Amino acid sequence: METRLPVWKLEFIRVRLGMRGCFGVERDGYGGGLALLWDDSVDVHVQSFSKHHIDSWVNSHSREVWRFTGFYGHPITASRRYSWELLRRLKGMSDRPWLVLGDFNEIMSSDEKQGKLFRCPAQMAEFREALNDCLLLDLGFQGYEFTWTNNRDPPERVDERLDRGVATEQWMDLFPCSRIQHVVFALSDHMGLVLNSEAVRRGPQCNSKKRRFHFEHAWLREE
């Protein structure tokens, strides 16, 4: 998530939350900034970072080492293709089970939006194609269906699902009953994502609500 905080403030947050470790990326002016915090249950080793991602290996001891990437899609539409290029480069760096979580600043289809703000079909198709190229599947969610709002009154209000978790099948096999919950963050225009990777198993269908996404070239002609 975009923190909008200077890195030096993250240490205070780490201590207050009782976290073991913290890694931050400096904000750009008054916007941007990323942070990754973890507790004693895992060992985390940061592999690479930029203003738009933090990539790490996670050792949770009870399973094989897996990969976590916190991702922030470029907020400028014309520059978003650079985010998808970054995602593809990250894909080529490791074949470990992979989870990507964050604000992609994009939606996969028009049903992830309500309000009159136009979304270019080709723009959404580029996002879907990037996920497909990286073998990343949408993890689904519980809670309110949109994660961002422009906080305006109707008819100017727009809500979109800009934040999500995606993962490879290998990661989903490690955590077959994982769940993402959309939660309200005070004083933010985004919902928070809470991942429960140890959700109670409900038999072989515990993954049934996850969206197994595969790109179709026909979607390039959407709408």
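Scroll up to find the structure this text is about.
Treat the numbers as computed from the prediction; the structure is a model and nothing was measured.

Analysis parameters
Residues numbered from 1 in each chain as written. Predicted model: local features only at pLDDT ≥ 70, side-chain atom pairs only at ≥ 80, totals over all residues. Heavy atoms only, no water. Core = buried A, V, L, I, M, F, W, Y, C linked by side-chain atoms within 4.5 Å. Buried < 20%, exposed > 50% of the residue type's maximum accessible area, 1.4 Å probe, protein only. Contact = heavy atoms within 4.5 Å. Helix = DSSP H or I, 4+ residues; strand = E, 2+ residues; numbered from the N terminus. Expected span 1.5 Å × (residues − 1). Arc of directions from axis to C-beta. Pairing = 2+ DSSP bridges. 1 Å grid on protein atoms, 1.4 Å probe; cavity = no way out; pocket = protein on both sides within 12 Å on 5 of 7 lines; lining within 4 Å. Points joined across faces, edges and corners; volume = space filled by probe spheres on them. Nonpolar A, V, L, I, M, F, W, Y, C, P; charged D, E, K, R; others polar. Salt bridge = Lys/Arg side-chain N within 4 Å of Asp/Glu carboxyl O. Axes fitted to C-alpha atoms, helices over the stretch in contact; angles between N-to-C directions. Phe/Tyr/Trp six-rings, centres within 6.5 Å; stacked < 30°, edge-to-face > 60°. Lys NZ or Arg CZ within 6 Å of the ring centre and 35° of its normal.

Ranked by size, the top nonpolar core spans 21 residues in total, and within it Trp 66, Phe 68, Leu 99, Leu 139 and Trp 171 carry the most contacts. Excluding its chain neighbours within four sequence positions, the residues that come into contact with Trp 171 are Trp 66, Pro 97, Trp 98, Leu 99, Leu 139, Ser 178 and Leu 195. Residues Trp 98, Phe 104, Met 108 and Leu 131 belong to the second largest nonpolar core, which totals 15 residues.

Here we take up helix α2 (residues 80–91). An ideal rise of 1.5 Å per residue puts 16 Å on 12 residues; α2 measures up with 17 Å between its terminal C-alpha atoms. Listing the buried residues of α2 in full gives Arg 80, Ser 83, Trp 84, Leu 86, Leu 87 and Leu 90. Looking straight down α2, one finds its buried side chains confined to an arc of 155°; they lie on one side.

Looking now at the sheet that holds strand β10 (residues 159–160). Pairing is antiparallel across the open sheet formed by three strands, whose spatial order is β7-β10-β9. In this open sheet, the two strands that pair with only one neighbour each are β7 (113–114) and β9 (148–149). Pairing geometry for β9 and β10, over two bridges, is antiparallel. Considered in β10, the bridge of Trp 148 is made with Glu 160.

A few words now on the layout of surface pockets. Of the voids in this model, the second largest pocket is the one considered here, and its volume is about 170 Å³. Asp 28, Gly 32, Lys 51, His 52 and Tyr 72 are the residues nearest the centre of the second largest pocket, which is lined by 12 residues in total. Of the residues in the lining of the second largest pocket, the class split is two nonpolar, five polar and five charged.

This part is about the pattern of salt bridges. A complete count under the given rule lists 14 salt bridges for this structure. Two residues, Arg 20 and Asp 43, come together in a salt bridge whose shortest N-O distance is 2.6 Å. In this pair, Arg 20 is assigned in the loop between α1 (10–17) and β1 (21–25) and Asp 43 in strand β3 (residues 43–50), connecting sequence segments 23 residues apart. The partner of Glu 106 in a salt bridge is Arg 119, with the nearest N and O atoms 2.9 Å apart. Taken together, the positions of Glu 106 in the loop between β6 (98–103) and β7 and Arg 119 in the loop between β7 and α3 (121–133) put the pair 13 residues apart, joining distant regions of the chain.

Now for the sheet that holds strand β4 (residues 53–59). One open sheet holds the six strands; their spatial order is β3-β4-β5-β6-β11-β8, and the pairing between them is mixed. Where the open sheet ends on each side, the last strands, each with one partner, are β3 and β8 (137–138). Where β6 and strand β11 (residues 163–167) come together, five bridges link them in antiparallel fashion. Each residue of the ladder has a partner; that of Leu 99, found in β11, is Ala 167. On the sheet, α2 packs against β3, β4, β5 (66–72) and β6 and is oriented at approximately 170° with respect to β5.

To continue, consider the environment of Phe 68. Tracing the sequence through the fold places Phe 68 in strand β5. Judged by its relative accessible area of 14%, Phe 68 falls in the buried class. For the pair formed by Phe 68 and Leu 99, sequence separation is 31 residues and the distance between their alpha carbons is 4.9 Å.

Examined against the element boundaries, Asp 28 turns out to sit in the loop between β1 and β2 (34–38). With relative accessibility at 52%, the residue Asp 28 sits in the exposed group. As for Asp 28 and Leu 5, which are separated by 23 residues in sequence, their C-alpha atoms are 9.4 Å apart.

This paragraph deals with the packing of aromatic side chains. Summed over the entire model, instances satisfying the criterion amount to nine aromatic pairs. On the numbers, 5.4 Å between centres and 35° between planes, the contact of Phe 104 with Phe 127 is tilted. Linking Phe 104 in the loop between β6 and β7 with Phe 127 in helix α3, this pair joins segments that are 23 residues apart in sequence. For Phe 127, a relative accessible area of 0% translates into the label buried. Following the ring pairs from residue to residue traces out a cluster consisting of Phe 71, Trp 84, Phe 104 and Phe 127. Against the face of Trp 98 rests Arg 67, its NZ or CZ located 4.4 Å from the ring centre. In this structure, Arg 96 is placed above the aromatic ring of Trp 57, and the distance from its NZ or CZ to the ring centre is 4.1 Å.

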